[in-house]
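# Structure at a glance
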Amino acid sequence: PLTLSTAKVDFGKVRVGAAVAVRVMARAAEPFKVQPVANAGDGIAVEPFPAATPNQVVTFTFAPTRPGAVRREVVLVTDLKGAATARVVVEGVAE
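This report concerns the structure included in the present document. (Residues numbered from 1 in each chain as written. Predicted model: local features only at pLDDT ≥ 70, side-chain atom pairs only at ≥ 80, totals over all residues. Heavy atoms only, no water.)

Attention now moves to the side chain of Gln-56. Structurally, Gln-56 can be placed in strand E5 (residues 53-62). We classify Gln-56 as buried; its relative accessible area is 0%. One polar contact links the side chain of Gln-56 to the main-chain carbonyl oxygen of Ala-51, over a distance of 2.9 Å. When sequence neighbours within four positions are dropped, the list of residues in contact with Gln-56 reads Val-24, Met-25, Ala-26, Phe-32, Lys-33, Val-34, Phe-49 and Ala-51. (Helix = DSSP H or I, 4+ residues; strand = E, 2+ residues; numbered from the N terminus. Buried < 20%, exposed > 50% of the residue type's maximum accessible area, 1.4 Å probe, protein only. Polar contact = N/O pair within 3.5 Å; in protein donor to acceptor, adjacent residues only side chain to side chain. Contact = heavy atoms within 4.5 Å.)

Below is the structure:
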């Protein structure tokens, strides 16, 4: 199975025009790759590790372009058998 170091990323308060990155560890029993995440929206970007390994670092970045609260569920899809997925709730407040 696919496990994550956390199921929630909380960026807290971030100024509009600034960017904050948080890394999440993803682990499985065999080497895998996290598939690219299409536009997560609301200034949230997800950058998977480029190589297939059993331990991966996935970087979540929040770079808001307008004020307001953001809360999204991002689904990480892998190339593991059965297309194993993991869900991460991402939230923050742009000021």
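Now that the structure has been shown, the text picks up again.
Moving on, we come to the pattern of salt bridges. Inspection of the entire model under this criterion finds 6 salt bridges. Ionic pairing is found between Arg-72 and Asp-42, a salt bridge with its closest N-O pair at 3.3 Å. In this pair, Arg-72 is assigned in strand E6 (residues 68-77) and Asp-42 in the loop between strand E3 (20-32) and strand E4 (44-47), connecting sequence segments 30 residues apart. The class of Asp-42 is partly exposed, set by a relative accessible area of 34%. Salt bridges sharing partners connect three or more residues here, namely Lys-8, Arg-71 and Glu-91. (Salt bridge = Lys/Arg side-chain N within 4 Å of Asp/Glu carboxyl O.)

What follows covers the sheet that holds strand E2 (residues 8-14). One open sheet accounts for 3 strands, arranged E2-E7-E6; its pairing is mixed. Both outer strands of the open sheet, E2 and E6, are each paired with one neighbouring strand and no more. The mean angle between the axes of side-by-side strands here comes to 15°, regardless of whether they run parallel or antiparallel. Pairing between E2 and strand E7 (residues 85-94): 5 bridges, direction parallel. (Pairing = 2+ DSSP bridges. Axes fitted to C-alpha atoms, helices over the stretch in contact; angles between N-to-C directions.)

With that settled, consider the nonpolar core. The biggest cluster of nonpolar side chains holds 23 residues, and the ones touching the most others in it are Phe-60, Leu-76 and Val-90. Counting only elements with at least two residues in this core, the list comes to E2, E3, E4, E5, E6 and E7. Each residue touching Val-90, except ones within four places of it in the same chain, is listed here: Val-9, Phe-11, Ile-44, Phe-60, Val-70, Arg-71, Arg-72 and Val-74. (Core = buried A, V, L, I, M, F, W, Y, C linked by side-chain atoms within 4.5 Å.)

Take Phe-32: it is sitting in strand E3. Overall, Phe-32 belongs to the buried group, its relative accessible area being 0%. For the pair formed by Phe-32 and Asp-79, sequence separation is 47 residues and the distance between their alpha carbons is 5.9 Å. Once residues within four sequence positions are removed from consideration, Phe-32 is found in contact with Leu-2, Ala-26, Arg-27, Ala-51, Ala-52, Thr-53, Pro-54, Gln-56, Thr-78, Asp-79 and Leu-80.

None of this, on its own, says anything about what the molecule does.
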